Amino acid sequence: AAWCEGRTGYPLVDAAMAQINQTGYMHNRLRMVTASFLVKDLGIDWRRGEAYFADHLIDYDLAANNGGWQWAASTGCDAQPYFRIFNPVTQGRKFDPSGDYVRRWVPELADVDGVRVHEPWRLPEAPEGYPAPIVDHATERAASLEAYEALRR
């Protein structure tokens, strides 16, 4: 529910989910980031995310959407390597260095300056109304890698 509502505590993920919920659109980079987060950080079956996107995207295409989710989950044909896990903070810094995208879609972070918007939990005072991260990315990344490695063996 937190992922669907854009309340994960990871600003780039939350901004992207706010955009899809309000407009029915999300840039492909953000589709990859949010898919990776749902599958590899939260450990949720990719088919749930695929179904959510199918219900919300105005440019939904079965083959592209289904294939994109399988790629992000490192399953199916032509999957990304299982060890590729998008870091939502790094992705935010790289593709939204000024923080304008996040501030546009996450009003609770509108007053956070620049790149600091991507890690609001590091601010001296937490922005009012914005949730703390629901998971620790580093911990979930390690658990995901361990699970995929066990399957590979």
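Look a little higher up for the structure.
Residues numbered from 1 in each chain as written. Predicted model: local features only at pLDDT ≥ 70, side-chain atom pairs only at ≥ 80, totals over all residues. Heavy atoms only, no water.

A. Representation of the pattern of salt bridges within the structure. Considering all chains together, one arrives at seven salt bridges under this definition. Across the pair arginine 31 and aspartate 59 runs a salt bridge, and its minimum N-O distance is 2.9 Å. Here aspartate 59 lies in the loop between α4 (46-56) and α5 (62-72) and arginine 31 lies in helix α3 (residues 28-41), a separation of 28 residues in the sequence. Accessibility expressed as a relative area gives 17% for arginine 31, which makes it buried. The partly exposed category is assigned to aspartate 59, whose relative accessible area is 37%. With a closest N to O distance of 3.7 Å, arginine 153 and glutamate 149 form a salt bridge. When its relative accessible area of 71% is taken as the criterion, arginine 153 is described as exposed. (Salt bridge = Lys/Arg side-chain N within 4 Å of Asp/Glu carboxyl O. Helix = DSSP H or I, 4+ residues; strand = E, 2+ residues; numbered from the N terminus. Buried < 20%, exposed > 50% of the residue type's maximum accessible area, 1.4 Å probe, protein only.)

B. Representation of the environment of histidine 56. With respect to the helices, strands and loops of the structure, histidine 56 is situated in helix α4. Considering only alpha carbons, one finds histidine 56 and arginine 84, 28 residues apart in sequence, at a separation of 26 Å. Reaching out from histidine 56, the side chain makes a polar contact with the backbone oxygen of tyrosine 52 at a distance of 2.8 Å. (Polar contact = N/O pair within 3.5 Å; in protein donor to acceptor, adjacent residues only side chain to side chain.)

C. Here's a closer look at the packing of α4 against α5. Where α4 meets α5, the axes come as close as 9 Å, and the angle between the chain directions of the two elements is 150°. Comparing the axis directions of α4 and α5 gives the class roughly antiparallel. Seen from above, α4 lies across α5 with right-handed handedness. Between α4, through Trp46, Gly49, Glu50, Phe53 and Ala54, and α5, the contact on the second element is made entirely by Leu62, Asn65, Asn66, Trp69 and Gln70. Classifying every residue of the contact of α4 with α5 by side-chain character gives five nonpolar, four polar and one charged. (Axes fitted to C-alpha atoms, helices over the stretch in contact; angles between N-to-C directions. Parallel < 35°, antiparallel > 145°, perpendicular 65-115°, else oblique. Left-handed = near helix turned anticlockwise from the far one by under 90°. Contact = heavy atoms within 4.5 Å. Nonpolar A, V, L, I, M, F, W, Y, C, P; charged D, E, K, R; others polar.)

D. Layout of the nonpolar core. Residues Trp3, Met17, Phe53 and Trp69 are the most contacted members of the largest nonpolar core, which totals 37 residues. If you list the elements that add at least two residues to this core, you get α2 (11-23), α3, α4, α5 and α7 (100-105). (Core = buried A, V, L, I, M, F, W, Y, C linked by side-chain atoms within 4.5 Å.)

E. Just the packing of aromatic side chains, in detail. According to the stated counting rule, one finds seven aromatic pairs in the structure shown. Judged by centre distance (6.0 Å) and plane angle (15°), the ring pair of tryptophan 3 and phenylalanine 53 falls under stacked. One end of the pair, tryptophan 3, is in helix α1 (residues 2-5); the other, phenylalanine 53, is in helix α4, and 50 residues separate them in sequence. A relative accessible area of 3% places tryptophan 3 in the buried class. Here phenylalanine 53 falls in the buried class, since its relative accessible area comes to 1%. Arranged with centres 6.0 Å apart and planes meeting at 75°, the rings of tryptophan 3 and tryptophan 69 form a pair that is edge-to-face. Taken together, the residues tryptophan 3 in helix α1 and tryptophan 69 in helix α5 connect sequence positions 66 residues apart. One exposure class covers both tryptophan 3 and tryptophan 69, and it is buried. Taken together, the ring pairs connect Trp3, Tyr52, Phe53 and Trp69 into an aromatic cluster. Here the basic side chain of lysine 40 rests over the ring of tyrosine 148, its NZ or CZ set 5.3 Å away from the ring centre. (Phe/Tyr/Trp six-rings, centres within 6.5 Å; stacked < 30°, edge-to-face > 60°. Lys NZ or Arg CZ within 6 Å of the ring centre and 35° of its normal.)

F. Spotlight on unusual backbone geometry. Of note, serine 74 is a non-glycine position whose phi angle comes to about 60°, a positive value. Looking at the element boundaries, serine 74 is found in the loop between α5 and α6 (88-95).

Structural measurements only, silent on function.
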